[in-house]
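This is what each chain is made of:
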Amino acid sequence: MTATAVPTRRAHRRPLVGSNVFLLILTLAFLAPVAWALVSAFKPAAEIISDPLGLDLRGLTLDNFRGMFHDVPIGSGFLNTAVVLVIKGAITLFCAPLAAYAFAKYDFRGKNAIFGTVLLTLMLPTIVLIIPLLLEMKQLGWVNTYQALILPGSVDAFAIFWMRQVISAVPDELLDAARVDGCGEFGIFWRVVVPVIRPGLAGLAVLTIMNIYNDFVWPVVVASSSKMATLQVVLSTLAQNITGHKVGADYATVTGELLAASSIALVPLLILFIVLQKHFINGILAGSVKG
Amino acid sequence: MTTTTAVPLETWKSRRGYSMRRAVAPYLFVLPFIAIFLAFSVYPLLFTLRLSFTNWHGSGAAQWVGLGNYTYLLRSDAFWGSLANSGMLWLLIVPVQIVLSVIVAVLLDNAKLRLRGFYRVAFIVPFVTPLVAVAQIWIVLFDQNYGAVNGLLNLIGLPDVGWLVTSVWAKPTLALLFLWKTSGFIIIILLSGLQAIDSNVYEAASIDGANRPRQVWSITVPLLRRTIMFAVVLQTLAVFQMFAEPFVVTKGGPYNSTTTAGLYLYNHINRADLGTGAANSFLLVIIVMALSLGFVRLLRAKD
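Residues numbered from 1 in each chain as written. Chains lettered and ligands numbered in written order. Predicted model: local features only at pLDDT ≥ 70, side-chain atom pairs only at ≥ 80, totals over all residues.

Examining the overall build of chain B
Quick note on the threshold: Under the DSSP-based scheme used, a helix requires at least four consecutive residues in state H or I and a strand at least two consecutive residues in state E, with every element numbered from the N terminus. Put simply, a residue is buried when 20 or more other C-beta atoms lie within 10 Å of its own C-beta and exposed when 12 or fewer do; between those, it is partly exposed, and each C-beta is set from the backbone. A pair of residues counts as a contact when their C-beta atoms, built from backbone coordinates, are separated by no more than 7 Å.
A count of helices and strands for chain B gives 14 helices and 0 strands. Taken from the N to the C terminus, the helices and strands of chain B come in the order α-α-α-α-α-α-α-α-α-α-α-α-α-α. Classification of the 303 residues of chain B by burial places 40% in the buried group. Nonlocal contacts in chain B, meaning residues at least 24 apart in sequence, comprise 69% of its contacts between residues at least 6 apart.

Structure follows, in structure tokens:
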């Protein structure tokens, strides 16, 4: 490898230096806002405003975090998000591939009509369904409950669409061979299809976790009570909450606590992503090569 | 492979119960999905469709108004204004994003690039970051008086810019947020398209003496057309449905300059003007579908 790589690398040296410089500048621009927020969250609130670009290491403080924990129910926000994440995530990751398997590998009556409807809902703005869904939740008495946060959208159209793509690529011979060995239809899914599509499933898992964790429009509408508020709801109403709790809370305080809360909200997902990034990227690669 | 399995499969197929089980299985597999889909997608959708022909305001009896909501919207300047805002944002976002993402994806597709792993993660960090957090960060960064961006401008001797408070700058600032947030995902999608291209194609081209930019333009881009088309359609849907970004960052202002099609739709809902909101939803769906089909046609025609 090294023996042959040296001359080629020399030949391509200049373009690679150029690519690296270009990519480094661009990635810096991509990372800067997040890095700035993470660092600024530890600066004294007044300093974030008076000197947004400066950094005095001795002046770093946890005051913004203390104030934020005191002013908004961020702990229960995390807890609610965790409950929704685990149950909703499990429903999506089980039901979507199972249904997609039926769409990809079986012929049955109504298949095209159902799949067509799935594609139609892909084009629909999510907010379209919010009013009727909210009315439905009111009728069921589900407003401010976990069911309301979990069930709607738990098997979304995109997951079905994507998993169908992934499962279509599994060779039919593999399924028939399992049938010959006496495997039941569900057994084929569970013991043959699932292991084969694991990279795609891992990608779906990361994307699903991200979507549920980041979702905020539906939770704001259906679970706005402070007891049921998810992390993103807490975050989105933070500014009003702080000014409401503290008479005369100034711009600096609000900004400091906003940045502290934003940092706390983004760190778990960043860690998850950095740990699972290979699966996520390979999963997307597995899903879209055919498309 | 097929010939070896054909014989035992045929005998196995003749067993009793096989075809029954195989016929019933797919229905059972789609059942959990269908139940959730009917209850929480199809039912609300039909409800919205019926709502779009009434003047219902959330309580009391609904009055049938026929196509009234639709004709009202089609004659309303605010409706067309919101579409124009979204169209403008599309122009500011999609062409830049596609060109930038193709360039980055092509550079990242080089196995000799050492920091590849780092770059891939760095580009996708904004995509992973919660939108609400990003929006709050944007508000603070682009603040006219105290923001870090104006701080940087002052350092090089430029005056403050009212990023989020002037109607000239609010759209580009919002576009930048969207571009920054979603480009990582588009880069990964394009990268997946690139990996499907046979590397022999490039070898043939470099023997013919084509230089790198030329290769990219005349070989990579045409071969990548299907993936690019997918990305354009995906982003067109996303831009025309964009709601949360302007909702958190600008509330549609100043002077409605960032009232996107998605936010305008939400404004009906917020005023409990549910009939108009429902009609607006369906008009938006029709427009977005027409645009997507248009792009598909346009890119297919060149094949």
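Comments concerning the overall build of chain A
On a plain count of helices and strands, chain A comes out with 16 helices and 0 strands. Of all 291 residues assigned to chain A, the portion counted as buried reaches 42%. In chain A, 77% of the contacts between residues at least 6 apart in sequence involve partners at least 24 apart.

Considering the domain arrangement of chain B
Basically, it comes down to this: Reported domain spans reflect what an automatic or database domain assignment gives.
Looking at the assigned domains, one finds that chain B contains domain 1 (17-51) and domain 2 (70-301). Just the C-alpha atoms count here: the centres of domain 1 of chain B and domain 2 of chain B sit 34 Å apart.

Topic: the nonpolar core
Threshold: Note on terminology: a nonpolar core is any set of buried Ala, Val, Leu, Ile, Met, Phe, Trp, Tyr and Cys residues joined through C-beta atoms within 7 Å.
If you look at the biggest cluster of nonpolar residues, it comprises 154 residues, and the most contacted ones within it are Ala96(A), Ala99(A), Ile160(A), Met163(A), Phe33(B) and Leu190(B). In terms of residue count, the dominant contributor to this core is helix α8 (residues 167-195) of chain B (14 residues). If we skip the residues at most four places from it in the chain, Ile160(A) touches Ala96(A), Ala99(A), Ala100(A), Val118(A), Val155(A) and Phe33(B).

Re the environment of Asn211(B)
Residue and element names in this part refer to chain B. Relative to the helices and strands, Asn 211 resides in the loop between α9 (200-207) and α10 (212-223). Take Asn 211: there are 10 C-beta atoms within 10 Å of it, and that puts it in the exposed class. In sequence terms Asn 211 and Val 149 are 62 residues apart; their C-alpha atoms lie 38 Å from each other.

With respect to helix α4 (residues 77-108) of chain B
Quick note on the threshold: Helix span, as expected, comes to 1.5 Å for every residue beyond the first. Fitting axes to the seven residues ending at a residue and to the seven starting there, one defines the bend at that residue as the angle between these axes.
Along its 32 residues, α4(B) runs 45 Å from first to last C-alpha, staying within 8% of the 46 Å computed at 1.5 Å per residue. The sharpest bend along α4(B) comes to roughly 25 degrees, located at Trp90(B).

What to know about the packing of helix α5 (residues 74-105) of chain A against helix α12 (residues 198-214) of chain A
When two helices pack together, their arrangement is given by the angle between the helix axes and the distance between those axes. All names here are of chain A. The test is simple: To obtain each axis, a line is fitted to C-alpha atoms, and for helices this fit is confined to the stretch in contact; angles are then taken between N-to-C directions over 0 to 180 degrees. Working rule for handedness: look at the near helix, and if it is turned counterclockwise from the far one by less than a right angle, call the crossing left-handed; if clockwise, right-handed. Each residue gets one of three labels, nonpolar for Ala, Val, Leu, Ile, Met, Phe, Trp, Tyr, Cys and Pro, charged for Asp, Glu, Lys and Arg, and polar for the others, Gly among them.
Where α5 contacts α12, the two axes come as close as 9 Å, and the packing angle between them is 145 degrees. Handedness of the α5/α12 crossing: right-handed. Residues Thr 81, Val 84, Leu 85, Lys 88, Gly 89, Thr 92, Leu 93 and Pro 97 of α5 form the contact with α12, whose own contacting residues are Leu 201, Leu 204, Ala 205, Thr 208, Ile 209, Ile 212 and Tyr 213. When the residues that make up the contact of α5 with α12 are grouped by side-chain class, the tally is 10 nonpolar, 4 polar and 1 charged.

Some words on the confidence of the model for chain B
Residue and element names in this part refer to chain B. In plain terms, the rule: You can read pLDDT as the predictor saying how much it trusts each residue, on a scale of 0 to 100.
Chain-level pLDDT for chain B is 83 on average; 89% of the residues reach the 70-or-more range. Under a pLDDT of 50 for its full length, residues 1-7 has, in the predicted model, 6 contacts with residues more than four places off or in other chains. At the level of chain-chain contacts, confidence expressed as ipTM amounts to 0.80, with global pTM at 0.82.

Focus: α8(B)
Residue and element names in this part refer to chain B. With 29 residues, α8 extends 42 Å between its outermost C-alpha atoms, agreeing within 8% with the 42 Å of an ideal straight helix rising 1.5 Å per residue. Thr 182 marks the point of greatest bend in α8, at about 40 degrees. Of all 29 residues in α8, 21 are buried; the element is thus mostly enclosed.

Quick notes on the packing of helix α9 (residues 157-168) of chain A against α12(A)
Residues and elements named next belong to chain A. Spelled out, the test is: Roughly parallel covers angles under 35 degrees, roughly antiparallel covers those over 145, roughly perpendicular covers 65 to 115, and oblique covers all other angles.
Where α9 meets α12, the closest approach of the two axes is 10 Å, and the angle between their N-to-C directions is 165 degrees. It follows from the interaxial angle that α9 and α12 lie roughly antiparallel. Between α9 and α12 lies a crossing of right-handed hand. For the pair α9 and α12, contact is made by Ala 159, Trp 162, Met 163 and Val 166 and by Gly 200, Leu 204 and Thr 208, respectively. Of the residues contributing to the contact of α9 with α12, the split by class is 5 nonpolar, 2 polar and no charged.

Quick word on the interface of chain B and chain A
With 75 residues of chain B at the contact, the number on the chain A side is 77 residues. The greatest single-element share of the side of chain B that touches chain A, amounting to 18 residues, is contributed by helix α2 (residues 18-51) of chain B.

Some remarks on unusual backbone geometry
For Asn144(A), which is not glycine, the phi torsion reads 60 degrees and is therefore positive. Note that Asn144(A) resides in the loop between α7 (130-140) and α8 (146-150). We note that Asn256(B) has phi near 60 degrees; this positive angle belongs to a residue other than glycine. Here Asn256(B) is to be found in the loop between α12 (244-249) and α13 (261-270). Since 17 C-beta atoms lie within 10 Å of it, Asn256(B) is described here as partly exposed.

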